[in-house]
Amino acid sequence: MTTTNTTNKPFMIEKRRVYEAYKAVKSNQGAAGVDSQTIEQFEADLKGNLYKIWNRMSSGTYFPPPVRAVPIPKKSGGERILGVPTVADRVAQTVVKQLIEPDLDAIFLADSYGYRPGKSALDAIGVTRKRCWKYDWVLEFDIKGLFDNIDHELLLRAVRKHVQCRWALLYIERWLRAPMKREDGTIVERTCGTPQGGVVSPILANLFMHYAFDLWMARTNPDLPWCRYADDGLVHCRTEQEAEVLKTALQARLSECQLELHPTKTRIVCCKVMNRRDACPNVKFDFLGYCFRPRRVMRPSDRKVIGGFTPAVSLTALKAMRATIRDLNIRRQTHVSLAAIAQKLNPLLRGWIAYYGRYSPSAMHPLFRYVNMTLLVWVQRKFKRYKGHTVRAAHLLEKLARTSPDFFVHWRLKMRGGFA
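All values reported here derive from a predicted model rather than from experimental measurement. (Residues numbered from 1 in each chain as written. Predicted model: local features only at pLDDT ≥ 70, side-chain atom pairs only at ≥ 80, totals over all residues. Heavy atoms only, no water.)

K.L.:
What exactly am I supposed to notice about the packing of helix H12 (residues 338-356) against helix H13 (residues 365-382) here?
P.N.:
For any two helices packed against each other, the geometry is given by the interaxial angle and the distance between the axes. H13 packs onto H12 with a crossing angle of 175° between their chain directions and a minimal axis gap of 13 Å. With respect to their mutual orientation, H12 and H13 come out roughly antiparallel. In this structure, H12 contributes Leu338, Ile341, Leu345, Leu349, Trp352 and Ile353 to the contact, and H13 contributes Leu367, Phe368, Val371, Leu375 and Trp378. Taken together, the residues of the contact of H12 with H13 sort by class into 11 nonpolar, no polar and no charged. (Axes fitted to C-alpha atoms, helices over the stretch in contact; angles between N-to-C directions. Helix = DSSP H or I, 4+ residues; strand = E, 2+ residues; numbered from the N terminus. Parallel < 35°, antiparallel > 145°, perpendicular 65-115°, else oblique. Contact = heavy atoms within 4.5 Å. Nonpolar A, V, L, I, M, F, W, Y, C, P; charged D, E, K, R; others polar.)

K.L.:
Please explain the packing of aromatic side chains as it appears in this structure.
P.N.:
The geometry of an aromatic ring pair comes down to the distance between the two centres and the angle between the two planes. The full count for this structure, using the stated rule, is 19 aromatic pairs. Judged by centre distance (4.8 Å) and plane angle (5°), the ring pair of phenylalanine 285 and phenylalanine 292 falls under stacked. Across the pair, exposure class does not vary: phenylalanine 285 and phenylalanine 292 are buried alike. With 6.4 Å between their ring centres and 80° between their planes, phenylalanine 383 and tyrosine 386 make a pair best called edge-to-face. (Phe/Tyr/Trp six-rings, centres within 6.5 Å; stacked < 30°, edge-to-face > 60°. Buried < 20%, exposed > 50% of the residue type's maximum accessible area, 1.4 Å probe, protein only.)

K.L.:
Can you help me understand the state of the cysteines in this one?
P.N.:
Two cysteines form a disulfide when their sulfur atoms are joined by a covalent bond. Under the definition given, this model contains 0 disulfides. Between cysteine 192, a free cysteine, and cysteine 257, which holds the nearest cysteine sulfur, the sulfur-to-sulfur gap is 14 Å. In this structure cysteine 271 is not part of a disulfide, and its nearest cysteine sulfur, from cysteine 132, lies 4.1 Å away. A residue is classified by how much of its surface remains accessible, and cysteine 271, at 3% relative accessible area, is buried. (Disulfide = S-S within 2.5 Å.)

K.L.:
Could you clarify how one ought to interpret H13 in this entry?
P.N.:
Along an α-helix, residues three or four apart share an orientation, since each turn contains 3.6 residues. Taking 1.5 Å per residue, 18 residues should reach 26 Å; H13 reaches 25 Å between its end C-alpha atoms and fits that length. Within H13 the residues assigned to the buried category are Leu367, Phe368, Tyr370, Val371, Asn372, Thr374, Leu375, Leu376, Val377, Trp378, Val379 and Gln380. Those residues of H13 hidden inside the fold are in contact with helix H11 (315-327), H12 and helix H14 (390-403). (Expected span 1.5 Å × (residues − 1).)

K.L.:
I tried to follow the sheet that holds strand E1 (residues 67-73) on my own but got confused; where do I start?
P.N.:
Neighbouring strands of a sheet are bound in pairs by backbone hydrogen bonds; such pairs are parallel or else antiparallel. Taking strand neighbours across the sheet as the criterion, the 4 strands line up as E2-E1-E4-E5 in an open arrangement whose pairing is mixed. Edge positions in the sheet fall to strand E2 (79-84) and strand E5 (187-188), since each of these pairs with one other strand and no more. Sheet analysis places E1 next to strand E4 (residues 180-181), joined by 2 bridges and oriented parallel. Note that in E4 the partner of arginine 68 across the bridge is lysine 181. (Pairing = 2+ DSSP bridges.)

Next up, the structure:
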């Protein structure tokens, strides 16, 4: 699958594109679609399966199967529905995504951060942190069901403006109209939205929001800085009245685009560092797993402790991380070694520390303490001589942390949390 197309197909698609797309899908892994085929099963006849995708896409006869509806619990309650394509369909979508992404990403504005190469959520957190020092108010907004409610006609109008490739246009339209298959087997036709879980969905959603919000803000409020990550966004304002006016205008704008603001996740927040006599209903907001609120911070120039409006890991994120550790059921896995537990925990801890430890890393202390307490319970259950002897078990772990600080990732840090 590495040669170029030399046949008389309607669409000239290089076979190499299909192979490169497969490698991207393999690296991302992912669940099986409606055909229950895993990546391993797809690879059992890799050459044949990739040839089928190339042949059908080149001839214009590729029609995507339904996406599999997978309910995912939301942190705020309820659930969202992911639309999981088959492995073969993910390969086909990746072919198109890799073709259109360079041209589309070039038109997106700098403060659009979600699902873009070279940009990250931490970049969005960093720029928001700086702007909260300069502006006293922020409009925190969330778009209700963005992926489920994107208007197809408006989206395709934007796609046709920027995507010139005929076969890419053809397959984007087919993916937008692909039905969804529920767990009970029923097929649901779709007239709007792009499945959250599809490979091309993020870039299509970004293109829609580029016109629905980004360019609109640049045109109507060029003096107000904003930051958007997919359907979550912030606009920094100078006064509360300015934020109120903007909120009303944004509601009207999104209504024109067949979208609406989430009623409970859209708020106006005061970013001033105030004393207790000042009254303000909202003085904090969560964004991308970080909580922004007034905190005591140390000024780098003279190490003086002052008031500041800064980010740190949110309570919701801490709760989710503790739940992940709890689900590993480490406390009852007394049949394995401590090294085996470290092998499970360290990749998680390393990722969490890299992300949530970037700003106000001391806020991670409760998580480290929870991990240490989990290890303490494991020791007491694993070794009979420590059962009922919490202090002795804690001393054992403290000694191990001093002599082998690399055993667990968080032991290398000064803020380890306690063992008892």
